[in-house]
Structure formats: structure tokens, C-alpha cells
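What follows is each chain in one-letter form.
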Amino acid sequence: MFQLTDITKSFGATVALSKISLEIKQGEHVAIIGPSGSGKTTFLKLLNGQVIQNSGSYSIAESHLNSLSNKNLRRLRSEIAYIPQDLGLIPQLKVFQNILLGRVGKHSALGMLSKFLIPPRKNLQHIFSLLQRVGIPEKMYHHTATLSGGQQQRVAVARALFQQAHSLLADEPISAVDPARARSLITLLTEIATENQLTLVMSIHNVELAREFFPRIIGLKNGHILFDSPEASTEQLEELYHLSESELVEP
Ligand SMILES: Nc1ncnc2c1ncn2[C@@H]1O[C@H](COP(=O)(O)OP(=O)(O)OP(=O)(O)O)[C@@H](O)[C@H]1O
Ligand SMILES: [Mg+2]
């Protein structure tokens, strides 16, 4: 599904990703772990074409991104659902309206506006069934801002599913919720990915949940892949999170 060869991405003097080569197959569930600033968000944005590499090659389902027209790039991106670190919901809108926006890349601006103003009944039925699946059907017509953080995360999951993508990328979807809700959201995401045969790539700070729910864990440090293995060993984790002299704060 995703094939990266020797990918490097810099922002000015900062190298966010350095010589990354890997393949993620269709239907795989992969967790990305690593300290703050290690390149997890950049990696996920690269996978969905929001960030373009400085060197190396990247292809999605055998299409090289460098050689695609804008239209084809948009089409390819519309098939990859992305839940950003801040969820990307519009708080002033109602829950069902935020979910409708999941298909924004699939329609023309005019087509999207008409669907947004007068949502077709089948869309509303679909949205209701997705909200049932994520456990908050009663919130469909509520203003998004009135939902708790954990409920808003579920809206973001429903919006990603409404997009009917082949892959789901999620950037720290469980930050800012208590441990029980974090576990329940990860369970939901991995179950939904399995049910829909989605490729799931998720960055996650909670190493225990990554080990428990993901059969493949990639450890990123300073933009490099430190390990890519079925489980992260204690030694690998120590090396991953070890602070360098310059990062240690004097007492
Ligand atoms: N748009 C940008 N402009 C400049 N530098 C950037 C940009 N995006 C990322 N970086 C830099 O690239 C590096 C990797 O950032 P990234 O956001 O990918 O890390 P992360 O692993 O997601 O961190 P966190 O766990 O804190 O979310 C950092 O040094 C960051 O400052
Ligand atoms: Mg990040």
C-alpha cells in the first residue's frame, strides 16, 4: 500500500525524516512511537501527501506521488483518512456536519455545498449508523463544541469512516483522555480497521497500548527508524527514549 524508499524531509536546517525506507502492506496495523520531535507527525503527513519529501521516492498502491497530476493526487488523498493530532473538527458545526466534511475531497466545491446544506437522507442514515458504531448516536445533532474530548475523538473517527477510505492514519488519537477511554478508543479503532480491512497507521505515546494492540511497531528517533519489529523490547525502548546530554535539564 505505502512504499517509501530513502525518504528525507527537512524543514530548513531541521531534518524531520532521514533516509526512511519501508513498506506498509494493505490491511496492516502499524504503531509509530518515539519521543517528541522524532518525526511521527511528519511521517503520517508524508503518507497522506500533505508533506512532500526532499529526496527519495514514495508510492501509494504503486502510484509514484512525484509523477501525479494535482487531480490524481487529490483523488489518491481522498482515499486516505487522516485524523490529525488536534482532530481537525469545526467546533461551531453540528456533529453530523463535521462528519459530512469527511467527503470534502471527493466532491466538487458546489457538490459538497449542496450536500452540506441539504444532506441526502442516505448520508444521514449512514452517519447515524457510524455514530452508533462509535457509541454516540444521541449526539448527531449536537453542536460539536458541547461534546467532551473523548466524544469529539469518536466524531473524528466517524468522520474518517464516512470518507470510505482504504487507509486510516491517526496522529496521537488518544492524547488528552483518561487511561480507560484511551484503551476503549484504541480497541474501537483497531476493531473498525479489521472489520473494514483498512490499513491502519497510528502514532501513539502510550507504549503499553502500542505493544498490546499492534502487531508491528516502528520506533522513530531524530527522524531515523531505530527499530521496526513485532514488539518493542525493553532495550529498544530504553534507547528510543534515552535523553542525550543536551536534553538533560540541570537540577
Ligand atoms: N512545518 C514545520 N516547519 C518547521 N519545522 C517543522 C515543521 N514540522 C515539523 N518540524 C520539525 O520536524 C521535527 C519533527 O516534528 P514532528 O512534528 O514530526 O514530531 P513528532 O514526533 O510528531 O512530535 P510530537 O510527539 O511532539 O508530536 C521537529 O524538530 C519539528 O520541529
Ligand atoms: Mg506529532
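Our subject is the structure that appears above.
Residues numbered from 1 in each chain as written. Chains lettered and ligands numbered in written order. Predicted model: local features only at pLDDT ≥ 70, side-chain atom pairs only at ≥ 80, totals over all residues. Heavy atoms only, no water.

Enquirer: I'm lost on unusual backbone geometry in this one. Help?
Expert: Comment: phi is negative for the bulk of residues other than glycine, and the bulk of peptide bonds are trans. For L87, which is not glycine, the phi torsion reads 75° and is therefore positive. Turning to its location among the elements, L87 is positioned in the loop between strand 6 (80-83) and helix 3 (95-100). In this structure L87 comes out as buried when scored by relative accessible area, which is 12%. The phi dihedral of Q197 falls on the positive side, at around 50°, and the residue is not glycine. Counting through the fold element by element, Q197 comes out in the loop between helix 7 (179-195) and strand 8 (199-203). When its relative accessible area of 60% is taken as the criterion, Q197 is described as exposed. (Helix = DSSP H or I, 4+ residues; strand = E, 2+ residues; numbered from the N terminus. Buried < 20%, exposed > 50% of the residue type's maximum accessible area, 1.4 Å probe, protein only.)

Enquirer: Sorry if this is basic, but what is going on with the site of ligand 1 here?
Expert: Close to ligand 1 lie 13 residues; S36, G37, K40, T41 and T42 are nearest. Between ligand 1 and S36, the relevant distance is 2.9 Å, taken from an oxygen atom to a side-chain nitrogen or oxygen of the residue. At 3.1 Å, a side-chain N or O of Q85 approaches an oxygen atom of ligand 1. In isolation ligand 1 has 640 Å² of accessible area, and contact with the protein removes 61% of it. Where the shell around ligand 1 is concerned, the elements lending two or more residues are strand 2 (14-24) and helix 1 (40-47). (Near = heavy atom within 4 Å. Polar contact = N/O pair within 3.5 Å; in protein donor to acceptor, adjacent residues only side chain to side chain. Areas by Shrake-Rupley, 256 points an atom, 1.4 Å probe, with all protein chains shown as cover.)

Enquirer: Could you clarify how one ought to interpret the packing of helix 5 (residues 121-134) against helix 6 (residues 149-162) in this entry?
Expert: To characterise two packed helices, one gives the angle between the axes of the helices and the distance between these axes. At their nearest, the axes of helix 5 and helix 6 sit 9 Å apart, and the two run at 135° to each other. Here helix 6 runs oblique to helix 5, going by the angle between their axes. At the point where helix 5 passes helix 6, the crossing takes the right-handed sense. Of the residues in helix 6, those in contact with N123, H126, I127, L130, L131 and V134 of helix 5 are R154, V157, A158, L161 and F162. Of the residues assigned to the contact of helix 5 with helix 6, the class counts are 8 nonpolar, 2 polar and 1 charged. (Axes fitted to C-alpha atoms, helices over the stretch in contact; angles between N-to-C directions. Parallel < 35°, antiparallel > 145°, perpendicular 65-115°, else oblique. Left-handed = near helix turned anticlockwise from the far one by under 90°. Contact = heavy atoms within 4.5 Å. Nonpolar A, V, L, I, M, F, W, Y, C, P; charged D, E, K, R; others polar.)

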